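Coordinates in review
The residues making up each chain are set out below.
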Amino acid sequence: MSYTLKQLAEHLDSKMSGGVKLHGDTDIVINGVATIGDATHGQITFVTSNKHRDSLRSTSASAVIIRNELLADTSVPALIVDNPRAAFAHVVEFFNPVSPVSAGIHPSAIIDPTANISATASIGANTVIEANVEIADAVQIDPGCVVGRNSRIGMGTHLLANVSVYHDCDIGESCILHSSSVIGSDGFGFEFYQGEWLKIPQVGGVTIGNKVEIGACSVVDRGALNNTVIEDGVKLDNHVQIAHNVKVGEHTVMSRGVGVAGSSVIGKNCIIAGMVGIKDNIEITDNVIITAMTMVTSSIKQPGSYSSPTPMDNTKSWRKNCIRFKQLDDMAKQIRQLKKIIENNT
Amino acid sequence: MSYTLKQLAEHLDSKMSGGVKLHGDTDIVINGVATIGDATHGQITFVTSNKHRDSLRSTSASAVIIRNELLADTSVPALIVDNPRAAFAHVVEFFNPVSPVSAGIHPSAIIDPTANISATASIGANTVIEANVEIADAVQIDPGCVVGRNSRIGMGTHLLANVSVYHDCDIGESCILHSSSVIGSDGFGFEFYQGEWLKIPQVGGVTIGNKVEIGACSVVDRGALNNTVIEDGVKLDNHVQIAHNVKVGEHTVMSRGVGVAGSSVIGKNCIIAGMVGIKDNIEITDNVIITAMTMVTSSIKQPGSYSSPTPMDNTKSWRKNCIRFKQLDDMAKQIRQLKKIIENNT
Amino acid sequence: MSYTLKQLAEHLDSKMSGGVKLHGDTDIVINGVATIGDATHGQITFVTSNKHRDSLRSTSASAVIIRNELLADTSVPALIVDNPRAAFAHVVEFFNPVSPVSAGIHPSAIIDPTANISATASIGANTVIEANVEIADAVQIDPGCVVGRNSRIGMGTHLLANVSVYHDCDIGESCILHSSSVIGSDGFGFEFYQGEWLKIPQVGGVTIGNKVEIGACSVVDRGALNNTVIEDGVKLDNHVQIAHNVKVGEHTVMSRGVGVAGSSVIGKNCIIAGMVGIKDNIEITDNVIITAMTMVTSSIKQPGSYSSPTPMDNTKSWRKNCIRFKQLDDMAKQIRQLKKIIENNT
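Residues numbered from 1 in each chain as written. Chains lettered and ligands numbered in written order. Predicted model: local features only at pLDDT ≥ 70, side-chain atom pairs only at ≥ 80, totals over all residues. Heavy atoms only, no water.

Points about the interface of chain B and chain C
The figure often quoted for interface size is the accessible area lost as the parts come together. Taken together, the contact between chain B and chain C spans 74 residues of the former and 74 residues of the latter. Together chain B and chain C conceal approximately 6000 Å² of surface at their shared face, both sides included; 65% is due to carbon and sulfur atoms. It is Phe188(B), Tyr193(B) and Trp197(B) in chain B that bury the most area against chain C; as a group they hold 12% of the surface buried on that side. Taken together, the connections running from chain B to chain C amount to four salt bridges. Residue Lys211(C) pairs with Glu196(B) through a salt bridge whose shortest N-O separation is 3.1 Å. (Contact = heavy atoms within 4.5 Å. Buried area = accessible area lost by both parts, 1.4 Å probe. Salt bridge = Lys/Arg side-chain N within 4 Å of Asp/Glu carboxyl O.)

A short note on the relation of the copies chain C and chain A
The transformation that overlays chain C on chain A combines an axial shift of 0.0 Å with a rotation of 120°, and the residual RMSD is 0.0 Å. Accordingly, the operation relating the two chain copies is best matched by a three-fold axis. (Least-squares fit on C-alpha atoms with pLDDT ≥ 70 in both.)

What to know about the packing of aromatic side chains
Each pair of aromatic rings is reported with the distance of its centres and the angle of its planes. Overall, the coordinates contain 18 aromatic pairs over all chains when judged by the stated rule. With centroids separated by 4.3 Å and ring planes inclined at 20°, the aromatic side chains of Tyr3(B) and Phe94(B) adopt a geometry described as stacked. Of this pair, Tyr3(B) sits in strand β1 (residues 3-4) while Phe94(B) sits in helix α3 (residues 84-95); the two residues are 91 residues apart in sequence, bridging distant segments of the chain. Judged by relative accessible area, Tyr3(B) falls into the buried class, the value being 17%. Both rings, one in Phe188(C) and one in Phe190(C), keep their centres 5.1 Å apart while their planes meet at 75°; by these two values the pair is edge-to-face. For Phe190(C), a relative accessible area of 11% puts it in the buried group. An aromatic cluster is built from Tyr3(A), Phe94(A) and Phe95(A), whose rings are joined through pairwise contacts. (Phe/Tyr/Trp six-rings, centres within 6.5 Å; stacked < 30°, edge-to-face > 60°. Helix = DSSP H or I, 4+ residues; strand = E, 2+ residues; numbered from the N terminus. Buried < 20%, exposed > 50% of the residue type's maximum accessible area, 1.4 Å probe, protein only.)

Observations regarding the pairing of strand β22 (residues 190-193) of chain B
All names here are of chain B. In the sheet, β22 pairs with strand β23 (residues 196-199) via four bridges, with the strands oriented antiparallel. Each bridged residue has a counterpart across the sheet, and for Phe192 the counterpart in β23 is Trp197. What sits between the antiparallel neighbours β22 and β23 is a turn of two residues, in which Gln194 has the positive phi angle 55°. (Pairing = 2+ DSSP bridges.)

Remarks on the packing of helix α5 (residues 328-345) of chain A against helix α5 (residues 328-345) of chain B
Running from amino to carboxyl end, α5(A) crosses α5(B) at an angle of 30°, the nearest separation of the two axes being 10 Å. Compared by their axis directions, α5(A) and α5(B) come out roughly parallel. As for how α5(A) packs across α5(B), the hand of that crossing is left-handed. Contacts from Leu328(A), Met331(A), Gln334(A), Ile335(A), Leu338(A), Ile341(A) and Ile342(A) in α5(A) reach Leu328(B), Met331(B), Ala332(B), Ile335(B), Leu338(B), Lys339(B) and Ile342(B) in α5(B). Broken down by class, the residue content of the contact of α5(A) with α5(B) amounts to 12 nonpolar, one polar and one charged. (Axes fitted to C-alpha atoms, helices over the stretch in contact; angles between N-to-C directions. Parallel < 35°, antiparallel > 145°, perpendicular 65-115°, else oblique. Left-handed = near helix turned anticlockwise from the far one by under 90°. Nonpolar A, V, L, I, M, F, W, Y, C, P; charged D, E, K, R; others polar.)

Describing unusual backbone geometry
Residue and element names in this part refer to chain A. Backbone geometry places Asn245, a non-glycine residue, at a positive phi of 65°. Relative to the helices and strands, Asn245 is located in the loop between β29 (241-242) and β30 (247-248). For His251, which is not glycine, the phi torsion reads 60° and is therefore positive. Secondary-structure assignment places His251 in the loop between β30 and β31 (253-254).

Regarding the confidence of the model for chain A
Averaged over all residues, the pLDDT of chain A equals 96, while 100% of them reach at least 70. Model confidence for the complex is summarised by a pTM of 0.97, with the ipTM given as 0.97. (pLDDT = per-residue confidence, 0-100.)

What about the interface of chain C and chain A?
Of the residues lining the interface, 74 residues belong to chain C; the matching set on chain A comes to 74 residues. In total, chain C and chain A occlude about 6000 Å² of area from one another, counting both sides; carbon and sulfur atoms represent 65% of this. Put simply, chain C and chain A have four salt bridges between them. Lys199(C) is the partner of Glu213(A) in a salt bridge, and the nearest nitrogen-oxygen pair spans 2.9 Å. Applying the counting criterion to the chain C and chain A interface returns 33 residue pairs in polar contact (both at pLDDT 80 or more). Looking at the side of chain C that touches chain A, the elements with two or more residues in it are β21 (182-185), β22 (190-193), β23 (196-199), β26 (219-221), β38 (295-296), β39 (304-307), α4 (315-325) and α5 (328-345) of chain C. Of the residues forming the side of chain C that touches chain A, the biggest block, eight residues, is contributed by α5(C). When the residues that make up the side of chain C that touches chain A are grouped by side-chain class, the tally is 38 nonpolar, 26 polar and 10 charged. For strand β40 (residues 313-314) of chain A and β39(C), the ladder comprises two bridges, and the chain directions are antiparallel. Within β39(C), the residue paired with Asp313(A) across the bridge is Ser307(C). (Polar contact = N/O pair within 3.5 Å; in protein donor to acceptor, adjacent residues only side chain to side chain.)

Quick look at the structure:
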């Protein structure tokens, strides 16, 4: 598969705000993509920031995708765009078109007769579709998935192998659910009564919007009474947990291992880094950034960046400082006392 | 589905310690359940604490479940019980009876001829039951599960879709195992020898008691020589890890993401919050509470509440304090020096 | 199954550096293995350290595996080796030989006609093997697995139930992949553009070396352009995440819940304890130890041990110290001021 730089520009033009400007030999032939460090003759690469100016100057790539301000730093043909990484993403896709999966139901799939499956959907081997499920056009469900009764999978959504969707879950269009992810498992609700934990029935469902991606081994629990809600454009990495009745606002991203406890409401356009823990019943406003491994125990009302964990040190120093951490309140009191003594003395 | 308040009271009476007292119009018809904030005409709700007095006064619900002391605050018919949340749980279940699954083995399930499956059990599509497995009465195994040789599933236990149970695992009665959970995987045991990690064979099993719930994507490793043990009434949320030879005492609950390392012994009635990490080979006594994201590196011999992580701050302040954290031992020494100087001067 | 001590010594001899020395009655019959605390008549156990001298003296085991220096402390027959735990591992395996799985493809497995499966491989019930997959000799794939197109599974590798391997993944020889683990899921790559997160296509693959073990519910994401790489002898516990384009060096072990973010490079022979989080795009040199729940946000260039989390305390004291943590920078400044005042006064 190979294209001239001009053909790439034409492909990109409609996808980029402000289009694409061509620079240099537009007939040069490009047959692949690579990172700035790896790119060799015949490949196209991209540079996003001025920091990579030197790499840009010395690249062996045959063409580059850059912002206008880096034009002086390149000696090879270039595509000038407003966002080189976005343009590169489109070019990578152009060189790696997703293999079209043929529509139809694999003979080994087990489909309940009351399920309603589009003729353009693809249902993989050994997948199980239960009663009253609705599968829209162009849905792709890979082998080994189970979709519970009354659930609905929207147009163009892709379930990778071994995904489990429980009953009464609603998944929007153009979503991607990775392997071993679970949608609609019971929220963790119990009441200690008469000497044991009484299960609170979890009879709500799950509502997932459009263009949502859910990582491998991630879990979205169903609501207790109302639905757990994930809005359009949310991206969840692997091992993420969304507890019952949580609401995640549009275009919020959560990196690997984030846990959101019950009934918390996360705003739009938030960026929540890896292994952050978010308490139950709190609210996080829009446009909040939370750095890795932070513990969020109260609501966040102001946009901004928030953090909590302590920094890494060599274990020997760390041990000493840990002992002091447990004396911190004492240390603060000693400082106050010293201050008083000094003030009295002078 | 609808009931009079009196019918609800009758249903609840035997389930509540001290029974149910009716207050107000007992013939009022209830057709659903909702939270105090959402409840409208025809619905019943509940209030647990005095904090929600205002909501109780202004609710649009047709009936409420409350403790006796809140009776003065309600103008709608009420059920008076000792634990409104527990009563509400029973009412929710009453309005949402679990769909009875028909007994029998789906024709696509693969059952080893030596497996012993009760006639009242339900085995879902594409589930695989290996040699010498025992499946008791009223067990429900959903599609895509695999139960390894010699394992036993007790009466009334429910495996949701795509659960994996390895060989020689013993699961009690009335348990719930959520999707993608894994029971009996090898403990993480290796010895560095002759330049590589030699695998320590993991030939113990897993013993899970009755009324245990195990969350989605949670893992209980098998023991190295003896069994890993989870006692009756334990509730594990999603993404929990129980390592080899751990013992978890009765009615202990662990929230999402907790990890318990090898051979540790957790007491009864403990509450372990989300993303807590517990070291190997330690003991935690009964009735211990561990708050979220705590690192437990030594045994806990006294009941009580324990914590470790640092609190969230805005990232700018946090950065400054992080630098200081690495100077903590120095700061403590400086305070001591200042103290000495001042003592010598006065 | 029972052996004389002499037979055990013969079995072990070639496996241990420096062989095995016998001590005491070599004709004693051993019929099982147990820990030093549990071992009874007829069983063999082991002791690794001088700390267990007392247990060794009082053991009811019929034989022990020890280092030469503990010989004076045992009154029962002994096998003398350089590494008792390694020797014991071999003995445990000897007493618990892995049940041979018969080669062949279960009739319910779905095999693409273009897949190339060794006649000595075993493919379990309801497993799905897609186009152009290569399955080498003596591979065992348990029920419910899915191996995507063009992937390759090396000789003697074992996939437990419900493992998902995506397309174009290369898994070496003698690996073990536990249930619900996922190999080759998309890396978490997005660019915010035109008001939403544009997916960066993840068109790299995964390369896993030989003798790698991957825990239950662990995930190895595929690379964006190049491959994610896990070298020979790496052992990953459960719930571990290896992000796109990470490289993990030979014989590195990661305990439960570790997360390594994109493009980071981990050296050889590292020991990374449970729930450690490692930032993207950093480098960790060889022979690094990282203790549990540490956050690694910068490269580690020196071998050694590193740590970060704060220690556990009772919740009441912890709360006080947490308040002070947020005042740490202030406290440091106050100490400096006090110092100045004192210096000026003296």
